[in-house]
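The residues making up each chain are set out below.
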Amino acid sequence: KYRNYIPKTLLSIQKDLGLKIIPRKIEAFDVSHHNAENTVASMVSFLNAKANKKEYRKFNIKSVKGIDDFSSIKEVVYRRYSRLKKNKELLPDLILIDGGKGQLNYAKKALKELSINSIPIIGLAKRLEQVFIPGNSEPQIISKHSPGLILLRKIRDEAHRFAITFHRNKQLKLKNKSKF
């Protein structure tokens, strides 16, 4: 019954982005840090336009020193999809990166290193709510009232919330540890 149900918002995303398939499974990434310390990242997963919290993931950034959102995004995208690929797990229909062209290009590099070029990937920049697609220097023009764009913003904001919560909890743990 539900397997055949397609939320209109997903059809809107498909149309807005010119995707070949309906993006039923969307994964979104964001990075969080404070004063260049304890950089972390999050990945949230949405299935049929609904949060799929059991698929959410937290990442401690391992290979990047200081503030470097681009390299941090590259690291987590690489780690996520190398694991899925190794375990022969299902890849998403769309990857959403919180950020603009820079973050998007680094995420794209990670996928290229993994020889994954079949997954559409976009960047959604916060400031002007611009959608970036690889290969286009200008943002995609999508109506601010598009149900698809509204859902993409909701997913991006959830990745942001999840990353910030993870970062704050990590900071608190470290603060409490240092008291003893």
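See the structure above.
These figures come from a predicted structure and were not determined experimentally. (Residues numbered from 1 in each chain as written. Predicted model: local features only at pLDDT ≥ 70, side-chain atom pairs only at ≥ 80, totals over all residues. Heavy atoms only, no water.)

Novice: Summarise the overall build of the chain; cite the residues concerned and give the values.
Specialist: Along the chain, the regular secondary structure elements total four helices and seven strands. With the C-alpha coordinates of the chain rotated into their principal frame, the extents come out at 55 × 40 × 35 Å. By residue count, 46% of the 180 residues in the chain fall in the buried class. Taking as baseline every contact in the chain between residues at least 6 positions apart, the subset at least 24 positions apart corresponds to 62%. For the chain, the accessible area works out to roughly 10500 Å², and carbon and sulfur atoms hold 53% of it. (Helix = DSSP H or I, 4+ residues; strand = E, 2+ residues; numbered from the N terminus. Buried < 20%, exposed > 50% of the residue type's maximum accessible area, 1.4 Å probe, protein only. Contact = heavy atoms within 4.5 Å. Areas by Shrake-Rupley, 256 points an atom, 1.4 Å probe, with all protein chains shown as cover.)

Novice: Give a detailed account of the packing of helix α2 (residues 69–86) against helix α3 (residues 101–113), specifying residues and quantitative values.
Specialist: Where α2 contacts α3, the axes come no closer than 8 Å and their chain directions differ by 35°. For the pair α2 and α3, the crossing hand works out as right-handed. Between α2 and α3, the contacting residues are D69, F70, S71, I73, K74, V77, Y78 and Y81 on the first element and G102, Q103, Y106, A107, K109, A110, L111 and E113 on the second. Residue composition of the contact of α2 with α3, grouped by class: nine nonpolar, three polar and four charged. (Axes fitted to C-alpha atoms, helices over the stretch in contact; angles between N-to-C directions. Left-handed = near helix turned anticlockwise from the far one by under 90°. Nonpolar A, V, L, I, M, F, W, Y, C, P; charged D, E, K, R; others polar.)

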